[in-house]
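Chain residues, written in single-letter form:
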Amino acid sequence: MTEMARSYSLGLTGYPLEHSLSPRLHQAALSAMRLDGEYKLFPVPPFPAGEPEMIALLARLRSGELHGLNVTIPHKTAVLPFLDELSPAARLIGAVNTLSFRDGRLVGDNTDAPGFLHDLQRFAASAQPGFAVSQSDGDRLALVLGAGGAARAVVSALASSGWNVTIAFRRSDQAQARQLIDSLLPSFAHRSPPIRIESVLLDTSSLVNFDPTLLVNATPVGMWPDVNSNPWPSDLRFPSGMLVYDLVYKPPETALVRAARSAGLQAVNGLGMLVEQAALSLELWTGQPAPRSAMREAVAVKGPS
Ligand code: NAP
């Protein structure tokens with residue numbers, strides 16, 4: 001079969017996967033690109049129970065039976081020992097969301113970080129014309145809520161673009177926040193001026209004097225079906241002029257986005273990041289530009305669910 005006639009066999013592994021929008025996104029993209037192919041779900045339970053299944057799935061990438069695999073919770077870090085190579089971004093973040101077999105090597109990439117940055121730029125420039133996300137000289141502060149996998153990608157993306165970052169964590173998550181900072185800080189501390197990555201408790205008294213340029217919600221709080229929950233403390237006023245980016249995209253208007261807009265702030269959900277990280281994965285696998293508007297249309301969520 002020539003390269004032109006290839007039928008792409010792609011998919012997503014993680015657990016659970018029933019509600020994933022990825023098949024819809026990628027099928028829409030493949031058909032808009034007039035490429036033959038399919039995007040399937042490969043649910044693999046968490047390790048150690050799922051480890052043999054994951055090894056078998058990765059063997060299908062190595063054999064060429066599969067041409068690309070996305071990875072989501074809980075395997076973004078767990079698969080690292082089974083890979084031959086990591087992209088610089090994946091190495092820095094310590095997690096992968098895109099796997100491909102290139103030049104005889106199983107390679108892990110991370111498109112969450114560039115996907116977030118790209119969509120943040122789109123949002124920030126529409127909210128404040130002329131705003132350039134990557135032109136921070138250590139003079140901008142982002143407050144990131146949560147210290148899990150998505151927060152790692154967001155913090156490394158922002159720090160790479162010259163932002164100072166404070167991670168707000170709930171008490172149970174203190175060790176995860178510390179570990180995130182310890183692993184990322186050495187890559188940024190040498191900059192001039194040095195980038196600050198710090199942490200603080202996610203509560204009213206700790207956040208009352210913060211005046212960030214940007215707030216990012218990287219917790220699952222507010223995600224369907226828990227649609228009335230808001231990670232921002234209810235008795236804390238929003239700093240004026242702050243941009244609000246909620247990684248949650250279901251429902252389309254989360255409680256955080258709604259409250260921020262009511263306070264006169266510009267706020268957006270994470271659907272654009274979802275589309276962009278998928279588009280970047282597809283470009284890695286096919287070597288062709290991905291049709292972002294067709295992808296966005298395919299997952300435009302209507303209504304509360
Ligand atoms: P994760 O690894 O499970 O991390 C979640 C983080 O949020 C942890 O630090 C967790 O702390 C914290 N958290 C959970 N409940 C909280 C609460 N009630 N109050 C304060 N903090 C809380 O999950 P993830 O992969 O980072 O994903 C986070 C969210 O981002 C999910 O909703 C996911 O769907 C979304 N996401 C969106 C995109 C996109 O493309 N838009 C991409 C990736 C992720 P504990 O460890 O203490 O629970």
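Here we summarise the structure given alongside this text. Throughout, a residue's number is its position along its own chain's written sequence, starting from 1. With pLDDT at 70 or above as the cut-off, local features in this predicted model cover only qualifying residues; side-chain atom pairs require 80 or more to be listed or tallied, and sums for whole chains, interfaces and linings still use all residues. Values shown for side chains rest on all heavy atoms present in the structure; no hydrogens or waters enter the calculation.

**Quick notes on the packing of helix α5 (residues 149-160) against helix α6 (residues 174-188)**
Working note: a packed helix pair is described by the angle between its axes plus the distance between those axes. Orientation is described by lines fitted to C-alpha atoms, with helices fitted over the stretch in contact, and by angles between N-to-C directions that extend from 0 to 180 degrees. Helical segments are the DSSP runs of H or I of at least four residues, strand segments are the runs of E of at least two, and each set is numbered from the N terminus. Interhelical geometry of α5 versus α6 gives an angle of 20 degrees and a closest axis separation of 11 Å. One way to sum up the angle between α5 and α6 is to call them roughly parallel. Every pair of crossing elements has a handedness; the one defined by α5 and α6 is right-handed. On the side of α5, the interface is formed by Ala-151, Arg-152, Val-155, Ser-156, Ala-159 and Ser-160, while α6 contributes Gln-179, Leu-180, Ser-183, Leu-184 and Phe-188. In this classification, Asp, Glu, Lys and Arg are treated as charged, Ala, Val, Leu, Ile, Met, Phe, Trp, Tyr, Cys and Pro as nonpolar, and every other residue, Gly included, as polar. Among the residues forming the contact of α5 with α6, the class breakdown is six nonpolar, four polar and one charged. We call two directions roughly parallel when the angle between them is under 35 degrees, roughly antiparallel when it is over 145, roughly perpendicular when it lies between 65 and 115, and oblique otherwise. We call a crossing left-handed when the near helix sits turned anticlockwise from the far one by less than a right angle, and right-handed when that turn is clockwise. Any two residues whose heavy atoms approach within 4.5 Å are treated as being in contact.

**Section: the sheet that holds strand β1 (residues 8-14)**
At least two DSSP bridges between two strands are required for those strands to pair. Pairing is mixed across the open sheet formed by six strands, whose spatial order is β2-β1-β3-β5-β6-β4. With partners counted over all chains shown, the strands left at the sheet margins are β2 (37-43) and β4 (85-86), one partner each. As paired strands, β1 and β2 are joined by seven bridges and run parallel to one another. Of the residues in β2, the one forming a bridge with Ser-9 is Glu-38. Where helix α9 (residues 271-286) meets the sheet, it contacts β1, β2, β3 (68-71), β5 (98-102) and β6 (105-109), and its direction lies at approximately 10 degrees from that of β5.

**Digging into the side chain of Thr-166**
Mapped onto the elements, Thr-166 comes out in strand β8 (residues 164-169). Apart from residues lying up to four places away in sequence, Thr-166 is in contact with Leu-141, Ala-142, Leu-143, Val-144, Glu-198, Ser-199, Val-200 and Phe-210.

**Let's talk about α6**
Spanning 15 residues, α6 covers 21 Å between terminal C-alpha atoms, matching the ideal 21 Å at 1.5 Å per step. Along α6, the residues that are buried comprise Ala-177, Leu-180, Ile-181, Leu-184 and Phe-188. Next to the buried residues of α6 lie α3 (88-93), α5, β8 and β9 (197-201). By this rule, a helix spans an expected 1.5 Å times one less than how many residues it contains. Think of it in three bands: with a 1.4 Å probe and only protein chains considered, a residue is buried below 20% of the maximum accessible area for its type, exposed above 50%, and partly exposed in between.

**Here's the deal with the site of the ligand**
In the vicinity of the ligand lie 22 residues, with Ala-150, Arg-170, Ser-172, Asp-173 and Gly-270 positioned nearest. Considered on its own, the ligand offers 920 Å² of accessible surface; in the complex 76% of this is hidden by protein. Only α5 and α9 provide two or more residues apiece to the shell around the ligand. Classifying every residue of the shell around the ligand by side-chain character gives 13 nonpolar, seven polar and two charged. When at least one non-hydrogen atom of a residue lies within 4 Å of a molecule or strand, that residue is treated as near it. Each accessible area is a Shrake-Rupley estimate made with a 1.4 Å probe; only the visible protein chains count as cover when residues are assessed.

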